[in-house]
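Chain by chain, the residues run as shown.
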Amino acid sequence: MTDATGGAKGPDELRRQIERTRSELGNTVEELAGKADVKGRARARAADLRDKAGAMTVQLRSSAVQAGHTVQDRATHTGPRPVRGAVQAGLRHPRPVLVVGAAAGAVVAVGVLRRRHHHGHR
């Protein structure tokens, strides 16, 4: 309830308007503080990028394993002798092959993330 000039129609109405204004001001200050928290926003963005890189690494590893199985199947059944020998050596010592594959996957993931990040800021 306000009078014709837009002011409060008594002390109770004035108190309610003041309380409403305080609440709105508090919400505005919280929003501005969140936008000004550059470190917090940077941490959140870094965590998001880490999550995406981790998911992409898992996906790339899976694709690498699948491709490795395909190559292994083809090489053990057909193909020149040197290729079969390399595949058989990889089967006997899979850890170095997995490490190289994971490293290659990580390099690709970082490149993709950098490219996306770079293109997103233009």
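Residues numbered from 1 in each chain as written. Predicted model: local features only at pLDDT ≥ 70, side-chain atom pairs only at ≥ 80, totals over all residues. Heavy atoms only, no water.

**Student:** Describe the overall build of the protein, naming the residues involved and giving the relevant values.
**Tutor:** When helices and strands are counted, the protein shows four helices and zero strands. Secondary structure elements of the protein occur, N-terminal to C-terminal, as α-α-α-α. A buried classification covers 9% of the 122 residues belonging to the protein. The contacts of the protein with a sequence gap of at least 6 include a subset with a gap of at least 24, amounting to 36%. (Helix = DSSP H or I, 4+ residues; strand = E, 2+ residues; numbered from the N terminus. Buried < 20%, exposed > 50% of the residue type's maximum accessible area, 1.4 Å probe, protein only. Contact = heavy atoms within 4.5 Å.)

**Student:** Got a sec to walk through the confidence of the model for the protein? Specific residues and values, please.
**Tutor:** Where the model shows low pLDDT, its predicted coordinates should not be examined in detail. Overall, the predicted model of the protein reaches an average pLDDT of 81, with 82% of residues at or above 70. Within the protein, helix 1 (residues 11-36) carries the highest mean pLDDT (91), whereas helix 3 (residues 81-92) carries the lowest (70). (pLDDT = per-residue confidence, 0-100.)

**Student:** I'd like a description of the UniProt feature "transmembrane region" (unreviewed entry) in the protein, backed by residues and values.
**Tutor:** Taken from the UniProt record, the annotation "transmembrane region" (unreviewed entry) applies to residues 96-113. In residues 96-113, helix accounts for 100% and strand for 0%; the two terminal C-alpha atoms are 26 Å from one another. (UniProt positions renumbered as here; feature names shortened; annotations may be inferred.)

**Student:** Provide a residue-level description of the pattern of salt bridges, including the pertinent values.
**Tutor:** Applying the stated criterion across every chain yields a total of five salt bridges. Note that R16 and E13 form a salt bridge whose closest N and O atoms lie 3.2 Å from each other. Pair noted here: R16 and E13 are both in helix 1, with a separation of three residues, about one helical turn. Residue class for R16 comes out partly exposed when judged on its relative accessible area of 48%. (Salt bridge = Lys/Arg side-chain N within 4 Å of Asp/Glu carboxyl O.)

**Student:** Go over the side chain of E13 with me, naming the residues and quoting the values.
**Tutor:** Relative accessible area serves as the criterion here: at 10%, E13 is assigned to the buried category. Polar contacts involving the side chain of E13 include one to the side chain of R16, which spans 3.2 Å. (Polar contact = N/O pair within 3.5 Å; in protein donor to acceptor, adjacent residues only side chain to side chain.)

**Student:** Kindly report on the environment of H117, identifying the contributing residues and their values.
**Tutor:** Its place among the elements puts H117 in helix 4 (residues 94-120). Exposure remark for H117: the relative accessible area of 35% places this residue in the partly exposed category. Expressed as a C-alpha distance, the spacing of H117 and L49, which sit 68 residues apart in the sequence, is 9.4 Å.

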